[in-house]
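Okay, here's what each chain looks like letter by letter:
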Amino acid sequence: MSAFKFSVGPWNVHAGADSYGPATRNEIDLETKFAKFAEIGFSAVQFHDDDAVPDMNNMTDEEIKEYARGVKKLLDKYGLAAEFVAPRLWMDPHTADGGFMSSRKEDRDYAMWRAYRSIDIARELGCDLIVLWLAREGTLCAESKSPVWATKQLVEAINKMLEYDSTIRICIEPKPNEPIDRSICGTIGHVMAISAATIDPKRVGGNLESAHAILAGLDPAHEIGFALAFDKLFTVHLNDQNSIRYDQDKSFGVENIRAAFNQVKVLVENNYGSKGEYVGLDVKAMRTTSDEDSYEHLKNSLDIFKALEEKVARYDYEYANKLIEERKFEQLEMYTMNLIMGLV
Ligand code: 3MF
Ligand code: MG
């Protein structure tokens, strides 16, 4: 039995298209995904605004809320909660140059409209968390916008969201690049600075994704620890990534099991989840995966997380602390490796 509650987004089960080729699997409807998520052991679903309300651009504010109420009923049917809503600020033509820091005023207004509607949708789904993955917030052409102006635009946009709803919490999911060349908010350290500059820092935190930390050349467990030290880890996107290259969203732990162990360890040691936080996954199936295996990568990620949770529970802290006191780090390292390898 895990001490944690798990969440997942509908985009984690997708048809396999990438930038170089079309889909390899059939699309699966939202209700089928919900049923399967519940069966596998997830307690909550993460949403983009248009995962919940697909045609939102052509709907009135009231119609959007009404549609979201229908999705809430569907969640209830499967005993699932909604964890967060994230405005999708990278697909629409208005977001070609980003959202809150787009070079055109009408596009920045559109981004705010999506942000406000995301808050409305979150409220209807029964959650108080908005995730901002700032996909195109940065530059493709370095001279196209001032990083000073762009950073201030982000703070201003978050302030407007905080003012729009007095209890909503905003959570930035930092990523250093892709699809943007140079992002404005690349690490948990950046998130912390943005948070501190807003009108209500308590309500602004981070969503650490393992792969994004690795893309920034950083260790995910340390990024998690940095956020935890300031009480700013509102959620996580666990997955794995083979070094600094295209964003891979591999199953949790499949690339670097020791790094995965240390992510679980830091979460356990710091009581992550005690304030209702979920362990969120953000993992992709391989393109070669068949239709019937569409959920395998989710099951594998959960199984690996839970197996590592058991390892952490068995971690001999007395022995480890003794080794730390004696500064016998060679032995400490080998004890940890033996535990991970199943040799102790
Ligand atoms: C991209 C991501 C995103 C976000 C999602 C919710 C599509 O690297 O990680 O997944 O997690 O938009 O914030
Ligand atoms: Mg993510």
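Here the structure is a predicted model, which means the values were calculated and not measured.

Parameters and conventions
- Residues numbered from 1 in each chain as written.
- Chains lettered and ligands numbered in written order.
- Predicted model: local features only at pLDDT ≥ 70, side-chain atom pairs only at ≥ 80, totals over all residues.
- Heavy atoms only, no water.
- Helix = DSSP H or I, 4+ residues; strand = E, 2+ residues; numbered from the N terminus.
- Rg over C-alpha atoms; globule rule 2.2 N^0.38 Å.
- Buried < 20%, exposed > 50% of the residue type's maximum accessible area, 1.4 Å probe, protein only.
- Contact = heavy atoms within 4.5 Å.
- Areas by Shrake-Rupley, 256 points an atom, 1.4 Å probe, with all protein chains shown as cover.
- Domains from an automatic or database assignment.
- Buried area = accessible area lost by both parts, 1.4 Å probe.
- Salt bridge = Lys/Arg side-chain N within 4 Å of Asp/Glu carboxyl O.
- Nonpolar A, V, L, I, M, F, W, Y, C, P; charged D, E, K, R; others polar.
- Expected span 1.5 Å × (residues − 1).
- Near = heavy atom within 4 Å.
- Polar contact = N/O pair within 3.5 Å; in protein donor to acceptor, adjacent residues only side chain to side chain.

1. Considerations on the overall build of the protein
Logical step 1: Within the protein, the regular secondary structure consists of 12 helices and 10 strands.
Logical step 2: In terms of overall size, the protein behaves like a compact globule, its C-alpha atoms giving a radius of gyration of 20 Å where 344 residues would be expected to give roughly 20 Å.
Logical step 3: Dimensions along the principal axes, computed over C-alpha positions, put the protein at roughly 60 × 45 × 40 Å.
Logical step 4: Across the 344 residues in the protein, those meeting the buried criterion constitute 53%.
Logical step 5: Sequence-distant contacts, at least 24 apart, represent 76% of the contacts inside the protein between residues at least 6 apart.
Logical step 6: A total accessible area of about 15800 Å² is found for the protein, and carbon and sulfur atoms account for 52% of it.

2. Considerations on the domain arrangement of the protein
Logical step 1: Looking at the protein, the domain boundaries give domain 1 (6-313) and domain 2 (314-344).
Logical step 2: Each of domain 1 and domain 2 has a C-alpha centre, and these two points are 34 Å apart.
Logical step 3: Facing the nine residues of domain 1 at the interface are nine residues of domain 2.
Logical step 4: Summed over both partners, the interface of domain 1 with domain 2 buries about 880 Å², with 59% contributed by carbon and sulfur atoms.
Logical step 5: When residues of domain 1 are sorted by the area they lose upon contact with domain 2, R258, F261 and K311 head the list and together hold 61% of the total.
Logical step 6: Where domain 1 touches domain 2, the interface holds one salt bridge.
Logical step 7: Among the salt bridges present, the one from E333 reaches R258, with a minimum N-O distance of 3.2 Å.
Logical step 8: Broken down by secondary-structure element, the contributors of at least two residues to the side of domain 1 that touches domain 2 are α9 (257-269) and α10 (296-314).
Logical step 9: Of all the elements, α9 adds the most residues to the side of domain 1 that touches domain 2, at five residues.
Logical step 10: When its residues are assigned to classes, the side of domain 1 that touches domain 2 shows four nonpolar, no polar and five charged.

3. Description of helix α12 (residues 329-341)
Logical step 1: Its 13 residues give α12 an end-to-end C-alpha distance of 18 Å, which sits within 8% of 18 Å, the value for a rise of 1.5 Å per residue.
Logical step 2: Every buried residue of α12 is accounted for by L332, Y335, T336, N338, L339 and I340.
Logical step 3: Positioned one or two residues after α12, G342 has a phi angle of 80°, which is positive.

4. Brief notes about the environment of R169
Logical step 1: One can find R169 in strand β6 (residues 169-173).
Logical step 2: Under the relative-accessibility criterion, R169 is labelled partly exposed at 26%.
Logical step 3: Along the chain, R169 and D128 lie 41 residues apart, while their C-alpha atoms are 6.0 Å from each other.

5. Quick look at the site of ligand 1
Logical step 1: Residues in contact with ligand 1 amount to 13 residues; listed here are only the nearest, H48, E173, E209, H212 and D282.
Logical step 2: One of the side-chain nitrogen or oxygen atoms of H48 is found 2.6 Å away from an oxygen atom of ligand 1.
Logical step 3: A distance of 2.8 Å is found between an oxygen atom of ligand 1 and a side-chain nitrogen or oxygen belonging to E209.
Logical step 4: Taken by itself ligand 1 offers 350 Å² of open surface, and the protein chains cover 91% of this.
Logical step 5: Looking at the shell around ligand 1, its residues break down into five nonpolar, three polar and five charged.

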